[in-house]
Amino acid sequence: MSDQANYPYDRAALRAELRTLEQRPGVSKPDPILTVDNMQRRFGGMTAVDVEHLEVQRGAITALIGPNGAGKTTFFNLLTGFDRPSNGAGSGSGKAGWAFEGRALGRTNATKVARAGMIRTFQLTKALSRMTVLENMLIGANDQPGENLFVGLVKPLWAKREQENIERADELLKRFKLDAKRNDLAGGLSGGQKKLLEMARALMANPSMIMLDEPMAGVNPALTQSLLEHIQSLRDEGTTVLFVEHDMHMVRHISDWVVVMAQGQVIAEGLPEEVMTSKAVVDAYLGAHHDRDLGDDDVLTTGVIRAIAEEVAEEVEEEEAAR
Ligand SMILES: Nc1ncnc2c1ncn2[C@@H]1O[C@H](COP(=O)(O)OP(=O)(O)OP(=O)(O)O)[C@@H](O)[C@H]1O
């Protein structure tokens, strides 16, 4: 799928390498594709994001979890140029600095971040819902003719590029089993199909890293497995995946590494089976939920945390017994 189709992916080797790392916030990774330093975002007197240092491992699926209001979406917005850090960006002391593939992104706008290969998914807005599935896909291409005056002026090149984009869109629609919906309005798709379209659209730009904001939200069980498989196959083809998700079963099953945020800070990092049951993490969730009435759609309730902790403990015991 991505340009790194020949990436020598070996999940066991990657996991083994990650297993050797110290499990603490800000730990260095063997091959980081994204590094973040000193990123702060305040809204009035409230600090929504305060990340001292974070590295995202190339080729891995990294989950970003944390209780409601932890700052995950704000952090995504900052990384992708849709928001600006309160402490400014650049290399000066006290400023936020972040680099993708070694390239500083602090002063880069959202379009350029996307061109650099870091693409996030977007929910279907009203305007996008009124467009067809194919039109949505074409919007995802990084080199839309309309965007580039020079290409727009050179008509034959323009037509060729558009044809290539259509071919790529058709390939992706087939892969995501949306080809039968190609000419339907995107607004008419089911919740799960919309999620697939968001992912397929992001892939039009051939990203080296894809950022998914709650890929499982609103997806019915029939499509859950298919979404999980798509995410895993992206990773297996060499695309780095960073995703925010509340569905802890999904996090546990597909992540190679988990980063936990609470109150704007990274409070823990590690292997899913270890970090998700660590005391600091459970306390962060319980603390956040402590004085609040949980809505029905809060997937991560105290009961779920306990159930996962028990499930993980059983698996660890079985693994140990098998050794
Ligand atoms: N534009 C804004 N103006 C004021 N406060 C904001 C704004 N955006 C986010 N916040 C606040 O910043 C904090 C972090 O919010 P954010 O949406 O990033 O958290 P989150 O971890 O993504 O939460 P959730 O899991 O519920 O989506 C919250 O307290 C939120 O109310």
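Basis of the calculations
- Residues numbered from 1 in each chain as written.
- Predicted model: local features only at pLDDT ≥ 70, side-chain atom pairs only at ≥ 80, totals over all residues.
- Pairing = 2+ DSSP bridges.
- Helix = DSSP H or I, 4+ residues; strand = E, 2+ residues; numbered from the N terminus.
- pLDDT = per-residue confidence, 0-100.
- Contact = placed C-beta atoms within 7 Å.
- Core = buried A, V, L, I, M, F, W, Y, C linked by C-beta atoms within 7 Å.
- Buried ≥ 20, exposed ≤ 12 C-beta atoms within 10 Å, placed from the backbone.
- Domains from an automatic or database assignment.
- Axes fitted to C-alpha atoms, helices over the stretch in contact; angles between N-to-C directions.
- Nonpolar A, V, L, I, M, F, W, Y, C, P; charged D, E, K, R; others polar.
- Expected span 1.5 Å × (residues − 1).
- Arc of directions from axis to C-beta.
- Near = placed C-beta within 6 Å.

1. What about the sheet that holds strand β2 (residues 46–57)?
Judged by pairing direction, the sheet is antiparallel, and its 4 strands sit side by side in the order β2-β1-β4-β5 without closing on themselves. A single partner strand is all that each edge strand has here, and the edge strands are β2 and β5 (103–104). Relative to β5, strand β4 (residues 97–100) is paired through 2 bridges, and the arrangement is antiparallel. In the sheet register, Ala 99 faces β5, and the bridge partner there is Ala 104.

2. Considering the confidence of the model for the protein
Per-residue confidence for the protein averages 82 on the pLDDT scale, and 81% of its residues sit at or above 70. Put simply, helix α6 (residues 149–153) is where the protein has its lowest mean pLDDT, 51, and β2 is where it has its highest, 97. Residue range residues 1–7 is modelled with pLDDT below 50. Its contacts to residues more than four positions away, or to other chains, number 17 contacts. Every residue in residues 290–305 is under pLDDT 50, and counting partners more than four places away or in other chains gives 14 contacts.

3. So, the nonpolar core
Core analysis: the biggest nonpolar cluster contains 73 residues, and Ala 200, Met 211, Val 258 and Val 260 have the highest contact counts within it. Counting residues per element, this core draws most heavily on strand β9 (residues 257–262), at 6 residues. Mapped onto the domain boundaries, this core takes at least three residues apiece from domain 1 (1–117 + 206–272) and domain 2 (130–197). Once residues lying within four places of it in the same chain are set aside, the contact partners of Val 260 are Ile 65, Gly 66, Val 266, Ile 267, Ala 268, Val 275, Val 281 and Ala 284.

4. A word on the environment of Ala 268
Mapping Ala 268 onto the fold places it in strand β10 (residues 265–270). Overall, the presence of 23 C-beta atoms within 10 Å leaves Ala 268 in the buried class. Each C-alpha atom, one on Ala 268 and one on Asp 37, is 16 Å from the other, the two residues being 231 residues apart in sequence. With residues up to four places along the chain from it excluded, the contact list for Ala 268 reads Pro 25, Val 260, Val 275, Ser 278, Ala 280 and Val 281.

5. Points about the sheet that holds strand β3 (residues 61–65)
The strands making up a sheet are joined through hydrogen bonds of the backbone, oriented either antiparallel or parallel. What the 6 strands build is an open sheet, ordered β6-β7-β8-β3-β9-β10; its pairing is mixed. Whereas interior strands pair on both sides, the edge strands pair on one side only; in this sheet they are β6 (118–120) and β10. The average undirected angle you get between the axes of adjacent strands in this sheet is 20 degrees. Here strand β7 (residues 209–213) runs beside strand β8 (residues 240–244); their pairing, made up of 5 bridges, is parallel. Among the inter-strand pairings, Asp 213 is bridged to a residue of β8, identified as Val 244.

6. Observations concerning the domain arrangement of the protein
In many reports, interface size means the accessible area that the parts give up when they come together. Split into domains, the protein comes out as domain 1 (1–117 + 206–272) and domain 2 (130–197). For domain 1 versus domain 2, the separation of C-alpha centres amounts to 26 Å. With 9 residues of domain 1 in contact, the opposing surface of domain 2 contributes 6 residues. Among the elements that take part in the side of domain 1 that touches domain 2, helix α9 (residues 221–236) stands out by supplying 3 residues, more than any other. Here the residues of the side of domain 1 that touches domain 2 are counted per class, giving 5 nonpolar, 3 polar and 1 charged.

7. Things to note about α9
Counted at 1.5 Å a residue, the expected span for α9 with its 16 residues is 22 Å, and the 23 Å between its end C-alpha atoms agrees. For α9, the secondary structure elements touched by its buried residues are β3, α8 (191–203), β7, β8 and α10 (248–254). Of the residues flanking the end of α9, it is Gly 238, one or two places downstream, whose phi is positive at about 110 degrees.

8. Brief notes about helix α2 (residues 72–79)
Every buried residue of α2 is listed here: Lys 72, Phe 75, Phe 76, Leu 78 and Leu 79. Down the axis of α2, the smallest arc covering the buried residues is 160 degrees, so these residues share one side. Count one or two residues on from α2 and you reach Gly 81, which has phi positive near 80 degrees.

9. Quick notes on the pairing of strand β1 (residues 32–43)
Walk down a regular strand and you will see the side chains alternate between the two sheet faces. In terms of strand pairing, β1 meets β2 through 10 bridges, oriented antiparallel. Across the sheet, Gln 40 pairs through a bridge with Asp 50, a residue of β2. In this structure, the hairpin formed by β1 and β2 is closed by a connection of 2 residues, where Gly 44 is found at a positive phi of approximately 60 degrees. Pairing analysis gives 4 bridges linking β1 to β4, with the strands arranged antiparallel. Bridging across to β4, Leu 34 finds its partner in Phe 100.

10. Topic: the site of the ligand
The environment of the ligand is formed by Phe 43, Ala 48, Gly 66, Asn 68, Gly 69, Ala 70, Gly 71, Lys 72, Thr 73 and Thr 74. The biggest single contributor to the shell around the ligand is α2, with 3 residues. Here the shell around the ligand is built from residues that sort into 3 nonpolar, 6 polar and 1 charged.

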